[in-house]
Amino acid sequence: MASTETQGILVVGGGMTGITAALEAAEAGYDTYIVEKNPYLGGRVAQLHHYFPKLCPPLCGLEINFRRVRQNPRVRFFTMAEVENISGEEGNFDVTIRLNPRYVNEKCTACGKCAEACNIEIENPFNYGMNQMKAAYLPHDMAYPPRYVLDASLVESDEAQKVKEACPYDAIDLEMAPKTMNLKVGAIVYATGWKPYDASKLEAYGFEQYPDVITNVMMERMASFSGPTQGKILRPSNNEAPKHVAFVQCAGSRDENHLPYCSGVCCLASMKQATYVRDQYPDAKITIFFIDIRATDRLENFYLNVKKDENIEFFKGKVAQINPDEAGEGLILKVEDTTKESLHEIPADLVVLATGMQPNTLDNPVPAQVAYDDYGFISTLDVTPGIYGAGCSRVPTNVSECVQDGTAAALKAIQSIARR
Amino acid sequence: MSVRVDPSLMKELEEFGLKDANKCFHCGNCTAICPLSTPENPFPRKLMKYAQMGLRDKILSSPEPWLCYYCGDCSDNCPRGADPGEAMMVMRRYLTSLYDWTGFSRKFYTSEKFEIIAITIVGLLVGLAMWLFHGENPDMAHARLNTVWPAGAIEIADLIMAAVLTFFLLTNTWRCFSFTMGDLKAKVPLGLYVTQAKEFVVHFLTQRKFGECTDRMQWFVHLSIMTGYVTMMFLVIVLLAGGLEIIGLAWEPIAFQRDVIYPLWHPVRLLGYYATAALLYGTTYALIGRIKKTKAPYKNSHSTDWMFLILLQLTVLTGIFIHFARLLNWPMTTYVLNVVHLMIAVPMLVLEVPFAKWAHMMYRPVVLYATSVKEKYLEQQR
Amino acid sequence: MEKKTAVYICSGCGIGDVLDIDQLSKVATDENSVPICQNHSNLCSEEGVALIKKDIADEGVNTLVIAACSPRVMYDVFNYENCIVDRVNLREQVAWCQKPGEEDTQMMAEDYLRMGLAKVRGMTLPEPFKPEQEYSKDILVVGGGLTGLTSALEAAKAGYKVVLVEKEMELGGFQRKVKQIAAAPYKDLQDNTIDELVRAVNEHDKITVYTGATVERTEGGPGIFDVSIKQNGSSSEHHIGAIVMAAGWQPYDPTKLDAAFGFGASPNVITNSMFEEHFSDAKITRPSDGNDVKNVAFLQCAGQRDPKHLPYCSSTCCITALKQAIRIKTQDPDVNAYIIYKDLRTPGQAEDLYRKAQEVGVTFIRCQSPEVKTNGSLTVEAEDELLGETVLIDNLDLVVLATGMVPVTSIGEDVYAKAQMEESKGEKDKDELAVPPDVIRRSNILNLDYRQGPELPALHDDFPDSHFICFPYESRRTGVYAAGCVRRPMGIGNCKEDGAGAAMKAIQCVELTSQGAAVHPRAGDLSYPEFAMQRCTQCKRCTVECPFGAINEDDKANPLPQPTRCRRCGVCMGACPERIISFKNYSVPIIGDMLKAIEVPEEDEEKPRILVFACENDAYPALDMAGLNRMQYNAWVRVIPLRCLGSMNLVWIADAMSKGIDGVLLLACQHGDDYQCHFIRGSELSNIRLSKVSETLDRLALESERVRFENISIIDYNKLPALLDEFAKSLEEIGANPFKGW
């Protein structure tokens, strides 16, 4: 372990897996760098309302992790940053990182004066575009680092100067341009996570065509107080309470025409979301359409508990089509009850598609030699020693296993340094 | 009541062309996406299960394979690539072989070798017969077919063939009807059979159900082939026989393929053109589709599918050539082409109509008819 | 260290618009005679920080009260080495949530400054714990199966010495018996490579392997464990830093299964693990006579997902059945293989293996309760859900039952239950706090010399799993990390990751511990509890209540704290009725002084005071976020963040009440089965303690409604204003605290 003090570990992706990998290594005494594309750390987890099976808020664990990051000088992070190039070899990588302009510097105190002055509104990506927000924004209530971001559309507008002047702390820098920086690291953990499968590809489900067809990730935002509806689950078409919510499992998953694999979390996620609906609307009826319920290990217990709820029906059958009803108000789901060989047309007024996970490496591959499996997940570690895929870059899975994987990846990364 | 699982059926069905049915994991997407599947008769998943479990009896009495027109929606949207549409096609082949009491059908479907040999033998026999039995003074100056093969003789051969084929087709159809009706066959009052008879006619002529499929193109192509073929059969069986001259019902002016050339607007000539055009269009579309595998129904082609389309198209093409040879007054060419034409057309007729693919022309409307009778009856019982 | 205190007040971010800063400064300068009190309009700016640094350098300031934003932001900016720093949250919890320019708002800010000053007065800089023994960084791995081997090898590769203990004579665990494995990428079966792993472990010079050995006794704590290992009747001693517990699993006893599974009735009915063992090197044949098999059925969930047997799903059996069925079909494609399942569970890319099994022609039947008939031909009768009829599969040559995994921790008698039994024989003390029981069985894995029991406490179904989704390695015993199937049923891919992950945690533990620092969740905290033993009354509360079993006991029931086991939550401090337990920077007097610093107006001023104890990880950030969203809430509240509500000592409530404070609100994390408390029991214990508070209140002749306990999670900030207002209103109805002005 001769040169461990001088060589760092690069963690690409500041979601749960990446934060974990960086922190576990840092707390063992290694310098780590997190590179995160978003303006905040936390990734998809920050967008979740509750975790299954405990129904606890993910922000609680993030708070602990952010505190660990704050207190540990060995962890450094770059937000709005992307890895552009990786060269070199295990123990001695040269990495080029592109830093995209935030237009806000570290003098920002998150006082919010810029947002007050700003009149331009943009789609809120944190809420999957379900609402609008100011173009000068704090990405979310627990955004870490707690620092505002200026959207490029604002910077280019006439308002830019006014917003800049509204900042009492000289924190806005309209001239900020993308820049690159170089890092020397001994090992790289790639944990760029996942994106939800594009539901508009599921033609028979009418996503984007019928406003009351939403996806599971959108449901998380809807249930969250910081979401587009302040936590009220409402039908997007008319902002009314839903009376019958349908959860369509395997929306594109386990499907050769879309994602042939199982994302492993959607069954539990839908059951969890069913509890959101039940909490808000005790009389609402819920139907979960499934092929197999995949509640492994003690998650089975959660399944059992949800099953006990009389208002939640588990319906064995894959929904084939979603059409508007005759009145044009609700939706009709065409599905076979495969346990009864019977064909049904089931009405629902809010449909949640359980879309699966796709690795972000599909869009932004590792700029180095790495092997991927048929679905774009990083598959083996031995192509370029010293680069380790972790979390949902490797396997579509739940948070707990991502953290497990991130922890394991941290050790692998340490070995790459210790071996030198 | 419990049923015995019989894994040998899957292997048997493989001989009828089944490939991917074991990939089915019973999500039910196919049944729910099928525009023809109804709450009373949901399919195709049910049949996939019957196949996997080896439930022969259930398959035998299932009307569903005939309710499917193979638009391919189920296969296109199958998450598992289990190709339920093709499985239904396989079921139709399998049922055709079960309906056929002679056992010929099964051999025809399950052995490519047998299929080719059978067609070749029948074709050669036709050729041999035409070579052996021809008129005494063939007109070598003008293309006059009747001088080589006198109309009367052809008519006799034609009628014998029609009678034999009808016998086999009708006996098989009766078995099809019986299996489909099951125990209800005797229970349903005769009156209901009569009043529902229109269903048979409607389905036979319009293939209305097919029109309900998402891919209307398939319906159009299928209807083209069907109407083209039926027109041709009408021309051949009814009019070729000179309006049944043999029983004294001849009406020369509309007899088909006599050595007269009708004027362009003559109904017989128009019908002939329609049949030719419809068949040529339909078979070409289907053949190109199968070569390019453009859509689900064309992706998996059984040898009998190819054989059927090739024979049909060759029949049409040789027919066209004869027509032009006659118009151009090339006697020898006309006569040779006629032999070739019949060497193709007859085996297709003899083998396909009662025993193979063409039989579905009968089975499908019969099953639809039987199903509607059954439904009506059960409705009345309630 | 002689303290030189300075107060810095920031007027930025709206603080100056809401408060009278000069007035506020007087609290420091006039009331508390603080020598230095500076204001700045942007304290976190370079200029502001320079101001502070200058005072530290030039004036010798070493104790700072920064009255600005929340301690959750600008942490690095206001962090000064060797200085005591307290942050007074004037921004999120005063300026952003209170009405500007009002007297009440000003009073709130002034109280917070007083509290901050009281706090730094009591605080000293923590000094890292130094044990008498040397710290060890060696890692003990218990269990030589796939997980343990991986863990040992990965830790050794990172440069750490490892001691590996395996109770069997050979390494490799269950995997040694397995011929082929199913693992990523799941396109087909793969050869088992356990032998290579065993060889690598055996050959690694940093790994000491004990086979046929057990851990006889584990004493001490992280960094200073003394472990004695028994092998061949002799004992070896090792000084160990941290432990990976990968003791593995056993198959569920098939003789306990319902008769419907037919186990025991025919030799041809075997379990999935017997399948691996029987056919590890051999052809798959009929067990009864060794003839070829033609028909094989796999029955999934044999005694699993069944409350009468194992209520959970063992996660791996579907994949195992697919693997075994594919193996049979590969051996002879004409064999009919059936898998009878409840739900087929192949998450992730493992779905490919399901597909593969379908392609090779395995038949699948979905059935919730199949029945094996052994009279005559071996038959399975299954109600096929996807057919709606019962199907018979007869002439079976082999039936394989998917029995589940049972963790090794489930073997042995329940130590707590035994203790209960003994206790019930003796006198019952009704006033004893009802500490919820842990399941710890005497399973002879670690034989921890801990007062609370010899092994890791179990969570569900005897698995010592972590309860925390975000922190899957959090065991209840510091420095001991469960990994692999003993923790949770998992497949081989996960076992390997888990082994590596647990090794990482163990490495991290030895590194932090050797610096005298705490591990998760207060990683890096150098403070630790110190006991003023001369005042101890041997009441045992600290030893019983510590959620991590950190405190042992001598024969006379004196607590024997083991600081390296401690997570620094302060539960012991909250538990101690004599208040003998303190941290250098967190103690009963410090918090007591803080609440006593609150100025309580006279009754006729009609300005009640509400003391809020808030969990610093959840309720406190929630209050911050309420401020961030500019939600207005009650001006009577005064918030004190606690490391954990479990550290709340009842004396604080008595102090608050005697001071004239009208009500006390405890904002704690959810407890119960789905507890969110990161110190496991803290929230629950504070609630239990509170149930005893009525006694205190009665003594003071006060209404018990004055003290309230609420579960608040970090995302409940939208509910907080209403909650605080409602509590204030209920206090108004009760009337003012009669102790005001005493």
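Residues numbered from 1 in each chain as written. Chains lettered and ligands numbered in written order. Predicted model: local features only at pLDDT ≥ 70, side-chain atom pairs only at ≥ 80, totals over all residues. Heavy atoms only, no water.

Asks: What should I look at first to understand the overall build of chain C in this one?
Replies: In terms of regular secondary structure, chain C is built from 20 helices and 32 strands. When its C-alpha atoms are laid out on the principal axes, chain C stretches across 100 × 60 × 60 Å. Taking all 742 residues of chain C together, the buried fraction comes to 64%. Within chain C, contacts between residues at least 6 apart in sequence are counted, and of these 70% link residues at least 24 apart. (Helix = DSSP H or I, 4+ residues; strand = E, 2+ residues; numbered from the N terminus. Buried < 20%, exposed > 50% of the residue type's maximum accessible area, 1.4 Å probe, protein only. Contact = heavy atoms within 4.5 Å.)

Asks: Mind showing me how you'd approach the interface of chain C and chain B here?
Replies: Reports of interface size often rely on the accessible area that becomes lost once the parts have come together. Contacts between the two partners involve 22 residues from chain C and, on the opposite side, 20 residues from chain B. When chain C packs against chain B, the two sides together hide about 1,900 Å² of surface, and 47% of this comes from carbon and sulfur. A salt bridge links Glu351(C) to Arg80(B); the nearest nitrogen and oxygen atoms lie 2.6 Å apart. Here chain C and chain B share 13 residue pairs in polar contact (both at pLDDT 80 or more) between them. Taken together, the elements giving at least two residues each to the side of chain C that touches chain B come down to strand E17 (336–341), helix H10 (351–359), strand E18 (363–366) and strand E21 (389–396) of chain C. Of the residues in the side of chain C that touches chain B, the class split is ten nonpolar, five polar and seven charged. (Buried area = accessible area lost by both parts, 1.4 Å probe. Salt bridge = Lys/Arg side-chain N within 4 Å of Asp/Glu carboxyl O. Polar contact = N/O pair within 3.5 Å; in protein donor to acceptor, adjacent residues only side chain to side chain. Nonpolar A, V, L, I, M, F, W, Y, C, P; charged D, E, K, R; others polar.)

Asks: For this particular structure, what's the right way to read the packing of helix H1 (residues 16–27) of chain A against helix H9 (residues 399–418) of chain A?
Replies: A pair of packed helices is captured by two measures, namely the crossing angle of their axes and the spacing between those axes. Residue and element names in this part refer to chain A. Their axes nearest at 8 Å, the elements H1 and H9 cross at an angle of 40°. Classified by the angle their axes make, H1 and H9 are oblique. Between H1 and H9 lies a crossing whose hand is right-handed. Across the interface between the two elements, Met 16, Thr 17, Thr 20, Ala 21, Glu 24 and Ala 25 of H1 pack against Val 399, Cys 402, Val 403, Gly 406, Thr 407, Ala 410 and Ile 414 of H9. Broken down by class, the residue content of the contact of H1 with H9 amounts to eight nonpolar, four polar and one charged. (Axes fitted to C-alpha atoms, helices over the stretch in contact; angles between N-to-C directions. Parallel < 35°, antiparallel > 145°, perpendicular 65-115°, else oblique. Left-handed = near helix turned anticlockwise from the far one by under 90°.)

Asks: Explain the packing of aromatic side chains to me, please; I cannot follow it from the model alone.
Replies: Working definition: an aromatic ring pair is given by the centre-to-centre distance plus the angle between the planes. Applying the stated criterion to the full structure yields 46 aromatic pairs over all chains. Ring geometry for Phe225(A) and Tyr717(C): centres 5.4 Å apart, planes at 85°, overall edge-to-face. Here Tyr717(C) lies in the loop between strand E32 (707–711) and helix H20 (720–734) and Phe225(A) lies in the loop between helix H6 (216–223) and strand E13 (244–251), a pairing that spans two chains. Residue Tyr717(C) is classed as buried on the basis of its relative accessible area, which comes to 2%. Taking 6.4 Å as the distance between ring centres and 90° as the angle between the ring planes, the aromatic pair formed by Phe548(C) and Phe679(C) counts as edge-to-face. Separated by 131 residues along the polypeptide, Phe548(C) in the loop between helix H13 (541–545) and strand E26 (551–553) and Phe679(C) in the loop between strand E31 (663–668) and helix H18 (682–691) bring together distant segments of the chain. Among the residues examined, Phe548(C) registers a relative accessible area of 1% and is labelled buried. The structure contains a cluster of three or more aromatic residues connected by ring pairs, namely Phe16(B), Tyr94(B), Trp101(B), Phe104(B), Phe108(B), Tyr109(B), Phe114(B), Phe167(B), Phe168(B) and Phe355(B). When the ring centre of Trp194(A) is taken as origin, the NZ or CZ atom of Arg44(A), which lies over that ring, is 5.1 Å away. The ring of Trp96(C) carries the charged tip of Arg630(C) above its face, separated from the ring centre by 3.8 Å. (Phe/Tyr/Trp six-rings, centres within 6.5 Å; stacked < 30°, edge-to-face > 60°. Lys NZ or Arg CZ within 6 Å of the ring centre and 35° of its normal.)

Asks: What exactly am I supposed to notice about the sheet that holds E32(C) here?
Replies: Neighbouring strands of a sheet are bound in pairs by backbone hydrogen bonds; such pairs are parallel or else antiparallel. Residues and elements named next belong to chain C. In space, the four strands of this open sheet follow the order E30-E29-E31-E32, with parallel pairing throughout. In the strand order of this sheet, the two ends are held by strand E30 (637–642) and E32, each with one partner. Strand after strand, the sheet turns through a mean of 20° between neighbouring axes, direction not considered. Note that E31 and E32 share five bridges and pair parallel. The residue of E32 that forms the bridge with Leu 666 is Phe 709. (Pairing = 2+ DSSP bridges.)

Asks: Explanation requested: a nonpolar patch on the surface in the structure shown.
Replies: All names here are of chain B. On the surface, Ile 261, Leu 264, Trp 265, Leu 270, Tyr 273, Phe 324, Leu 327, Leu 328 and Trp 330 cluster together to form a nonpolar patch covering roughly 950 Å² of accessible area. Put simply, the parts of the chain that give the nonpolar patch at least two residues each are helix H17 (267–292) and helix H19 (303–328). In terms of residues, the nonpolar patch owes the most to one element, H19, which gives three residues. Its relative accessible area of 38% is what places Leu 270 among the partly exposed residues. (Patch = residues over 30% accessible without salt bridge, like charges linked within 9 Å, V, L, I, M, F, W, Y side chains within 5 Å. Areas by Shrake-Rupley, 256 points an atom, 1.4 Å probe, with all protein chains shown as cover.)

Asks: In this structure, what is going on with the interface of chain C and chain A? I would like to understand it.
Replies: Counting from both sides, the interface comprises 89 residues of chain C and, opposite them, 80 residues of chain A. On the chain C side of the contact with chain A, Gln349(C), Ile469(C) and Met504(C) bury the most area, a combined 10% of that side's loss. Connecting chain C to chain A are 15 salt bridges. For the salt bridge of Arg67(A) with Glu616(C), the shortest nitrogen-to-oxygen distance reads 3.8 Å. Taken together, the connections running from chain C to chain A amount to 45 residue pairs in polar contact (both at pLDDT 80 or more). Elements represented by at least two residues in the side of chain C that touches chain A include exactly helix H6 (146–157), H10, helix H12 (492–514) and helix H16 (619–628) of chain C. Examining the composition of the side of chain C that touches chain A, we find that twelve residues originate from one element, H12(C), more than from any other. Of the residues contributing to the side of chain C that touches chain A, the split by class is 42 nonpolar, 22 polar and 25 charged.

Asks: When you look at the sheet that holds strand E15 (residues 312–316) of chain A in this model, what are you seeing that I'm missing?
Replies: All names here are of chain A. One open sheet holds the five strands; their spatial order is E12-E19-E13-E14-E15, and the pairing between them is parallel. The open sheet has two edge strands, strand E12 (213–215) and E15, and neither has a second partner. Averaged over all pairs of adjacent strands, the angle between strand axes in this sheet comes to 25°, irrespective of strand direction. With three bridges connecting them, E12 and strand E19 (residues 350–355) associate as parallel partners. Each residue of the ladder has a partner; that of Val 213, found in E19, is Val 351. Seen against the sheet, H6 touches E12, E13 and E19 and runs at an angle of roughly 90° to E12.

Asks: Please explain the domain arrangement of chain B as it appears in this structure.
Replies: All names here are of chain B. If you check the domain split of chain B, you get domain 1 (8–99) and domain 2 (104–381). Between the C-alpha centres of domain 1 and domain 2 there is a distance of 27 Å. Counting from both sides, the interface comprises 33 residues of domain 1 and, opposite them, 34 residues of domain 2. Taken together, the two surfaces of domain 1 and domain 2 that pack against each other cover about 3,000 Å², and 59% of this comes from carbon and sulfur. Three residues, Trp 66, Tyr 69 and Tyr 99, lead the burial of domain 1 against domain 2; their summed loss comes to 28% of the area buried on that side. Applying the counting rule to domain 1 against domain 2 returns two salt bridges. (Domains from an automatic or database assignment.)

Asks: Explanation requested: the domain arrangement of chain C in the structure shown.
Replies: Residue and element names in this part refer to chain C. Annotation of chain C at the domain level lists domain 1 (1–125), domain 2 (139–250 + 408–418 + 426–514), domain 3 (253–403), domain 4 (530–582) and domain 5 (586–742). With centres defined by C-alpha atoms, the gap from domain 4 to domain 5 works out at 25 Å. On the side of domain 5, 18 residues touch domain 4, which itself brings 14 residues to the contact. For the domain 4 and domain 5 pair, buried surface summed over both sides reaches about 1,200 Å², with 66% attributable to carbon and sulfur atoms. Between domain 4 and domain 5 we count one salt bridge in total. Between Glu 545 and Arg 689 there is a salt bridge, with the nearest N and O atoms lying 2.9 Å from each other. Between the two partners, domain 4 and domain 5, sit five residue pairs in polar contact (both at pLDDT 80 or more). Broken down by element, the side of domain 4 that touches domain 5 gets its largest block of residues, four residues, from helix H14 (residues 571–575).

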